[in-house]
Amino acid sequence: ANASVTVSAVLTSQFKLVESSTIWGYTFDGWGTTSTGPTENGNTYTIKNISGENEIYAFFSEITHTVTITNDGNGSTVPSGEQLNITEKDGIAISAEAAENFAFTSWTIVSGTGTFEAQTSVSTKFYPTSNATIQATFHSTITNSLSVVAGANVESVDGSTDPITLGESYEIKATPAYGYRFNQW
């Protein structure tokens, strides 16, 4: 994407062009006197000895970053795995699908920087601001019940009938009967 500026001035005048604004998603590449590409680098360009009408071009290029999309092993993503060159301004549409007995939790940035339109939505867009790896995370939907039977020498067991979720830590506590000491599970 190129922007052009047309300058008219009196013979032997000097005119200084300065890049005054940044176009979001683009980087300024330089100035040129033809549309084929920049011939002057830097954000200022001085035109000397202007005669008649001169056309000056400001050159910009899209900012792209490499994005890798992964999952935590409990589902899949579209797209998935490969490194993709994504423009900062356009971003990339992403979606996740949970494996059986799992549900989508959220998108996370493993490395790099960027922004999700909706981080907890199964389908969203990601806009990278550097090279990045992003990941879909899922959680188990399986719940079981835990039954612990107190033996003759156990007074009580706390938490012995609560539902538990597969893969999560769970704590139970046994209180020994009078005159007994708890040894081990």
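Check the entry above for the structure.
Reading guide: rules and limits
- Residues numbered from 1 in each chain as written.
- Predicted model: local features only at pLDDT ≥ 70, side-chain atom pairs only at ≥ 80, totals over all residues.
- Heavy atoms only, no water.
- Helix = DSSP H or I, 4+ residues; strand = E, 2+ residues; numbered from the N terminus.
- Contact = heavy atoms within 4.5 Å.
- Areas by Shrake-Rupley, 256 points an atom, 1.4 Å probe, with all protein chains shown as cover.
- Pairing = 2+ DSSP bridges.
- Axes fitted to C-alpha atoms, helices over the stretch in contact; angles between N-to-C directions.
- Phe/Tyr/Trp six-rings, centres within 6.5 Å; stacked < 30°, edge-to-face > 60°.
- Buried < 20%, exposed > 50% of the residue type's maximum accessible area, 1.4 Å probe, protein only.

(A) Focus on the overall build of the protein chain. Helix and strand counts for the protein chain stand at zero helices and 17 strands. Within the protein chain, counting contacts between residues at least 6 apart in sequence, those at least 24 apart form 55% of the total. Total accessible area computed for the protein chain in this model is approximately 11500 Å², and 47% of it derives from carbon and sulfur atoms.

(B) Structural context of the sheet that holds strand β6 (residues 64–71). Taken together, four strands build an open sheet; the order of strands is β8-β6-β13-β10 and the sheet is mixed. Unpaired on one side and paired on the other, β8 (83–87) and β10 (102–111) mark the two borders of the sheet. For this sheet, the mean inter-axis angle between neighbouring strands, taken without regard to orientation, is 30 degrees.

(C) Quick peek at the packing of aromatic side chains. Counting across every chain of the model gives four aromatic pairs. Taking the centre distance of 5.9 Å and the plane angle of 75 degrees together, the rings of Phe104 and Phe138 count as edge-to-face. With Phe104 in strand β10 and Phe138 in strand β13 (residues 132–140), this pair connects stretches of sequence that are 34 residues apart. An identical accessibility class is assigned to Phe104 and Phe138; each is buried. Look at Phe116 and Phe126: their rings are 4.9 Å apart centre to centre, the planes differ by 45 degrees, and that puts the pair in the tilted class.

(D) Up close: unusual backbone geometry. Omega for the bond connecting Val78 with Pro79 falls within 30 degrees of zero, at -10 degrees, which places this linkage in the cis form. Note that Pro79 resides in the loop between β7 (75–78) and β8. Look at Asn101: it is not a glycine, yet its phi comes out positive at around 70 degrees. Position of Asn101 relative to the elements: it lies in the loop between β9 (92–98) and β10. For Asn101, a relative accessible area of 36% puts it in the partly exposed group.

Geometric descriptors of this kind do not, in isolation, establish any biological role.
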